[in-house]
Amino acid sequence: MADSTSRPIKRALVSVYHKDGIEVLAQAFVKAGTSVVSTGSTAKKLEELGVNVTPVEKVTGFPESLDGRVKTLDPHIHAGILADMTNPEHARQLKELGIEPFDMVVVNLYPFADTVRSGANEADTIEKIDIGGPSMVRGAAKNSATVAVITDKNDYALAAERVSNGEGFTLAERRYLAAKAFAHTAAYDATIIEWAKNVWKKPASLEAPAADGAEAQTQNTDELFPPTYTRTWDKSTVLRYGENSHQQAALYLDPLTNSDFAHAELLHGKPMSYNNYVDADSAWRSAWDFAPKIAVAVVKHSNPCGLAIGSTVAEAHRKAHACDPMSAYGGVIAANTTVSLEMAQAVKHIFTEVIVAPDYEPEALELLETTKNLRILKVPTRPVLDQSIRQIDGGLLVQTTDRIDAAGDDPKNWKLVSGDAADEATLRDLVFAWRALRSVKANALLLAHDEATVGVGMGQVNRVDSSKLAVERANTLADGANRTKGAVAASDAFFPFADGLQILADAGVKAVVQPGGSIRDEEVIEAAKAAGITMYLTGTRHFFH
């Protein structure tokens, strides 16, 4: 119902790139006899729908120019948008200038993100950077005292109703629509910023000279971490609930991509939950940590309960599942290659929440689809995330992604401090264990054999408990087999004392890789020597909180 702040919509400006849904507005304009000013193809579409349209060039007295770059950038348009008609001086000036005010502006913008996703070249992408549209939207939003601005096609029906019944919008409604409009242009600009950051790199000619002869920084921190962190994501799905049933949640997507994990194709099963996404993303990245080797990850509550490399995907899955079959129940499986029928036959008999892979053999997919509660995801591209973002109260923590690419991640740079140099098979297991460790929540201790995890100690508040847990899991989840004897171990950070290492030694571990750096390194090294354990120091750690 109209109130004292309602303003009937007698004159509207309409300029939309996406014209779907505009019919409902056209019908309202015809019914109410609204004066409509419009541009180019929008004007043509409205005329086809029976609207008596005034072309924008008739208002401006200036033709569309520069291949459409200039259409509405004119005082005859923007004064009509920006005049606060509750201000007598604004009203007087408009009358003196012979300019009519607008009561409503309906605009949506050039499809910049769509253009980027299509793979368009730089020149074509630049042409889809809208200038006039955001100017009109921002002007109308600023002047919400008297102008209603519509940027969301989901508001067309509401706008049509208010046009038809003559009520228009109240001040509170116009303010709300203005806030939506500012969010719309902010997101649009953030998308352009993200594209430009990746395409228009800072040239060497703009680098400041190094101070006092110091070496220039190899990485420009201003590019990695700009003065303002501006990003946007588009709402895709409102999820049933969040991490717990009393929490609300939604999935947002990067507007510039279309083939990454967040855009996964659901081939079968119920919609993904919040926890499904978290666990499946963790598993997906874990499996790809081993590329180009074939690998499978089994994850539960964001921690791996099995990781393995195999000559086939079925072998990798068998080895990964064998690490902790009990925890794999109700878990998530990720493969970094096409799922075969042989692997699917094994997965079929294991209660699994989600399976994610780049593709599936037709027979494998057909078999997996017979499992009622299994969500089957297809993601054609490997993970490419270059930054991780974590919100804290009042701010964000941003860091580069841990890609296991530090100097200390190369076994050629490892320092042998105890025992004989590892033979080829042992070194291969140590390298596997070190890479697998990246996925495990700190404090992390991982046991491996034959390029597969056999025991994982994760999320403990001290390294002794992590060591105990890894050994216990290795030897209580394998039908009585002793899986620690002859295994290798990796620790995500240094051993602060020798006690954690001693637990591994007593369990029969033959080789250990760890960062080193403790003030008691010599004590730990001496314990390794006494136990006859081969030990390497990497100088690099892999905490994962």
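Refer to the structure presented above.
The rules behind each value
- Residues numbered from 1 in each chain as written.
- Predicted model: local features only at pLDDT ≥ 70, side-chain atom pairs only at ≥ 80, totals over all residues.
- Heavy atoms only, no water.
- Helix = DSSP H or I, 4+ residues; strand = E, 2+ residues; numbered from the N terminus.
- Expected span 1.5 Å × (residues − 1).
- Polar contact = N/O pair within 3.5 Å; in protein donor to acceptor, adjacent residues only side chain to side chain.
- 1 Å grid on protein atoms, 1.4 Å probe; cavity = no way out; pocket = protein on both sides within 12 Å on 5 of 7 lines; lining within 4 Å.
- Points joined across faces, edges and corners; volume = space filled by probe spheres on them.
- Nonpolar A, V, L, I, M, F, W, Y, C, P; charged D, E, K, R; others polar.
- Patch = residues over 30% accessible without salt bridge, like charges linked within 9 Å, V, L, I, M, F, W, Y side chains within 5 Å.
- Areas by Shrake-Rupley, 256 points an atom, 1.4 Å probe, with all protein chains shown as cover.
- Salt bridge = Lys/Arg side-chain N within 4 Å of Asp/Glu carboxyl O.
- Core = buried A, V, L, I, M, F, W, Y, C linked by side-chain atoms within 4.5 Å.
- Buried < 20%, exposed > 50% of the residue type's maximum accessible area, 1.4 Å probe, protein only.
- Contact = heavy atoms within 4.5 Å.
- Axes fitted to C-alpha atoms, helices over the stretch in contact; angles between N-to-C directions.
- Parallel < 35°, antiparallel > 145°, perpendicular 65-115°, else oblique.
- Left-handed = near helix turned anticlockwise from the far one by under 90°.
- Pairing = 2+ DSSP bridges.
- Arc of directions from axis to C-beta.

A word on helix α18 (residues 463–476). Under the 1.5 Å per step criterion, the end-to-end length of α18 is 20 Å for 14 residues, consistent within 8% with the ideal 20 Å. Taking the backbone nitrogen of Val-464 as reference, a side-chain oxygen 3.1 Å away marks Asn-462 as the first, capping residue of α18.

In the structure shown here, the tally under the stated rule is 1 cavity of 30 Å³ or more. There is about 30 Å³ of room inside the largest cavity. Lining the largest cavity, in full, are Cys-305, Cys-323, Asp-324, Gly-455, Val-456, Met-458, Arg-473 and Leu-477. Along the lines of polarity and charge, the residues of the lining of the largest cavity split into 5 nonpolar, 1 polar and 2 charged.

Now for a nonpolar patch on the surface. Residues Trp-233, Tyr-252, Ile-389 and Leu-396 make up a contiguous nonpolar surface patch of about 380 Å² in total accessible area. Turning to its location among the elements, Leu-396 is positioned in strand β15 (residues 395–400).

As a further point, take unusual backbone geometry. The omega torsion across Ala-291 and Pro-292 is 10°, close enough to zero to call that bond cis. Secondary-structure assignment places Pro-292 in the loop between α12 (274–288) and β9 (295–300). Residue Asn-443 follows Ala-442 across a cis peptide bond; omega there is -10°. Inspection of the secondary structure puts Asn-443 in the loop between α17 (424–436) and β17 (445–448). At His-301, a position not held by glycine, the phi torsion is positive, near 50°. In this structure, His-301 sits in the loop between β9 and β10 (303–309). A positive phi angle is found at Asp-450, which is not glycine, with a value near 55°. Looking at where Asp-450 falls in the secondary structure, it is placed in the loop between β17 and β18 (453–457).

Turning to the nonpolar core, a few remarks are in order. Within the largest apolar cluster, 45 residues are counted, with the highest numbers of intra-cluster contacts made by Phe-261, Leu-430 and Leu-446. Of all the elements, α12 adds the most residues to this core, at 6 residues. Residue contacts for Leu-446: discarding those within four places in its chain leaves Ala-433, Ala-436, Leu-437, Val-440, Thr-453, Gly-455, Val-456, Val-488, Ala-489 and Ala-490. Ranked by size, the runner-up nonpolar core spans 26 residues in total, among them Leu-13, Ala-113, Val-137 and Leu-256.

Two elements in contact, helix α8 (residues 132–142) and helix α10 (residues 171–199), have axes whose closest approach is 9 Å; the angle formed by their N-to-C orientations is 150°. Taken as axis vectors, α8 and α10 run roughly antiparallel relative to one another. In this structure, the crossing between α8 and α10 has a hand that is left-handed. Of α10, the residues touching α8 (which contributes Pro-134, Val-137, Arg-138, Ala-141 and Lys-142) are Ala-178, Ala-181, Phe-182 and Thr-185.

Along the chain, Thr-352 turns up in strand β12 (residues 352–357). Judged by relative accessible area, which is 3%, Thr-352 ranks as buried. When sequence neighbours within four positions are dropped, the list of residues in contact with Thr-352 reads Gly-331, Val-332, Ile-333, Val-347, Asn-373 and Leu-374.

As a further point, take the sheet that holds strand β19 (residues 488–491). Spatial strand order, β16-β21-β20-β19-β17-β18: 6 strands in an open sheet with mixed pairing. One side of each edge strand has no neighbouring strand; the edge strands of this open sheet are β16 (415–418) and β18. Neighbour-to-neighbour, the strand axes of this sheet turn through a mean angle of 20°, independent of strand direction. Pairing of β17 with β18 involves 4 bridges; the strand directions are antiparallel. Across the sheet, Leu-445 pairs through a bridge with Gly-457, a residue of β18.

To continue, consider helix α19 (residues 499–506). Where α19 is concerned, the buried positions are Gly-500, Leu-501, Leu-504 and Ala-505. Angularly, the buried residues of α19 cover 140° about the axis, an arc narrow enough to put them on a single face. Buried-residue contacts for α19 involve β17, α18, β19, β20 (511–514), α20 (521–531) and β21 (534–537).

Taking strand neighbours across the sheet as the criterion, the 6 strands line up as β8-β13-β12-β11-β9-β10 in an open arrangement whose pairing is mixed. Among the strands making up the open sheet, the edge pair consists of β8 (265–268) and β10. Neighbour to neighbour, the strand axes of the sheet diverge by 20° on average, direction disregarded. Where β9 lies against strand β11 (residues 331–335), 4 bridges are found, and the strand directions are antiparallel. Note that in β11 the partner of Val-299 across the bridge is Val-332.

What follows concerns the pairing of strand β7 (residues 249–253). Here β7 shows one buried face, formed by Ala-249, Leu-251 and Leu-253, and one open face, formed by Ala-250 and Tyr-252. In this structure, strand β6 (residues 234–239) lies alongside β7, joined through 5 bridges in antiparallel fashion. Bridge assignment links Val-238 to a residue of β7, and that residue is Ala-250.

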